[in-house]
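Residue strings, one per chain:
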Amino acid sequence: MINKENASFFWPLAVCCLIFWTAFYPGFMSVDSFDQFAVSKSLDFYDWHPPIMSWVWSVLGFIFPGPSGMLALHIALAWGAVYIWWGNYKGRTFS
C-alpha cells in the first residue's frame, strides 16, 4: 500500500521504471523468444515452451503491442520487488 511514508520511495522507483523502459525498449528477443511470441499470437499452445508464459504474453498483447509487454512485466516485477524489499527492511539496523 502506498502511504505518505512509502511515497518518498515510490516516486524514485517509478522514475527508475521509466528510465529502464526508455533504455531497453522494445526488449531483447532471442530465437526462443520469437517462437514463444508467435505462440502467444496464435494461441496454439504446445509443451515445448511454458504455456503459461505464452498465455501471459498474449494477455499483455492487449495493452502493449508487440514484444514490449514482456519487458513491461519484467520491469514491474523487478522494481516492485525492490519496493517490497525496501518496505520490509527500511526500519531494521544490522549489527
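Further up the page is the structure itself.
Here, residues in each chain are numbered from 1, in the same order as that chain's written sequence. Per-residue local features are limited, in this predicted model, to residues with pLDDT of at least 70; the limit for side-chain atom pairs, both in listing and counting, is 80 or more; totals at the level of whole chains, interfaces and linings are taken over all residues. Values reported for side chains reflect all heavy atoms of the structure, with hydrogen atoms and water molecules removed beforehand.

### Considering helix 2 (residues 31-42)
The cut-off we apply is this: What counts as a helix is a DSSP run of H or I of at least four residues, what counts as a strand is a run of E of at least two, and both are numbered from the N terminus. In a helix, the anticipated span is given by 1.5 Å times the number of residues less one. Partly exposed describes any residue whose relative accessible area lies between the buried limit of under 20% and the exposed limit of over 50%, with all areas from a 1.4 Å probe on protein chains only and scaled to the type maximum. An arc is given here, and it is the one of the directions from the helix axis to the C-beta atoms. By definition, residues are in contact when any of their heavy atoms lie within 4.5 Å.
For helix 2, built from twelve residues, the straight-helix expectation of 16 Å at 1.5 Å per residue is met to within 8% by its first-to-last C-alpha distance of 17 Å. Residues of helix 2 that are buried include every one of S33, Q36, F37, V39 and S40, and no others. Buried residues along helix 2 cover an arc of 155 degrees about the axis, so they all sit on one side. Across helix 2 from its buried face, at more than 90 degrees, point the exposed residues V31, F34 and K41. For helix 2, the secondary structure elements touched by its buried residues are helix 3 (51-60). Just past helix 2, the residue L43 takes up positive phi, approximately 60 degrees.

### Describing the nonpolar core
Filter applied, for reference: The term nonpolar core refers to a set of buried residues drawn from Ala, Val, Leu, Ile, Met, Phe, Trp, Tyr and Cys, joined through side-chain atoms within 4.5 Å.
Membership of the largest hydrophobic core is limited to five residues, which are L13, L71, I75, W79 and Y83. Here this core gets four residues from one element, more than from any other, and that element is helix 4 (residues 68-89). Discounting residues that sit within four places of it in the chain, L13 has contacts with W79, V82 and Y83.

### Description of helix 3
Of the residues making up helix 3, those classed as buried are S54, W57, S58 and L60. An end-on view of helix 3 places all buried positions within 160 degrees of arc, on one side of the element. Next to the buried residues of helix 3 lie helix 2 and helix 4.

### Looking at the state of the cysteines
We apply this condition: By definition, disulfides here are pairs of cysteine sulfur atoms that lie within 2.5 Å.
A complete count under the given rule lists zero disulfides for this structure. Unpaired in terms of disulfides, C16 finds its nearest cysteine sulfur in C17, a separation of 7.2 Å. The exposure class of C17 is partly exposed, given its relative accessible area of 22%.

### Some words on a nonpolar patch on the surface
Cut-off, in case you're wondering: What makes a patch is a set of residues exposed beyond 30% relative accessible area and free of salt bridges, joined within 9 Å when like-charged and within 5 Å when nonpolar (Val, Leu, Ile, Met, Phe, Trp, Tyr). Here the open area of atoms and residues is found with the Shrake-Rupley method and a 1.4 Å probe, where only the protein chains shown may cover a residue. Salt bridges are identified by distance alone: a Lys or Arg side-chain nitrogen within 4 Å of an Asp or Glu carboxyl oxygen.
A contiguous nonpolar patch, built from L43, F45, I52, M53, W55, V59, F62 and I63 and spanning about 850 Å² of accessible area, is present on the exposed surface. With respect to the helices, strands and loops of the structure, L43 is situated in the loop between helix 2 and helix 3.

### Quick look at the packing of helix 2 against helix 3
Spelled out, the test is: All axes are obtained by fitting lines to C-alpha atoms, using only the stretch in contact for helices, and the reported angles, taken between N-to-C directions, cover 0 to 180 degrees. Just so you know how the angles are binned, under 35 degrees is roughly parallel, over 145 roughly antiparallel, 65 to 115 roughly perpendicular, and the rest oblique. Left-handed describes a crossing whose near helix is turned anticlockwise from the far helix through less than a right angle; right-handed describes the clockwise counterpart. Ten residues, namely Ala, Val, Leu, Ile, Met, Phe, Trp, Tyr, Cys and Pro, are considered nonpolar, four, namely Asp, Glu, Lys and Arg, are considered charged, and the remaining ones, Gly among them, are considered polar.
Two numbers describe how helix 2 lies on helix 3: the axes approach to 8 Å, and their chain directions differ by 65 degrees. Viewed along their axes, helix 2 and helix 3 adopt a mutual orientation that is roughly perpendicular. Seen from above, helix 2 lies across helix 3 with right-handed handedness. Taking contact as the criterion, the partners of S33, Q36, F37, V39 and S40 in helix 2 are, on helix 3, M53, S54, W57 and S58. Taken together, the residues of the contact of helix 2 with helix 3 sort by class into four nonpolar, five polar and no charged.

By themselves these figures say nothing about function.
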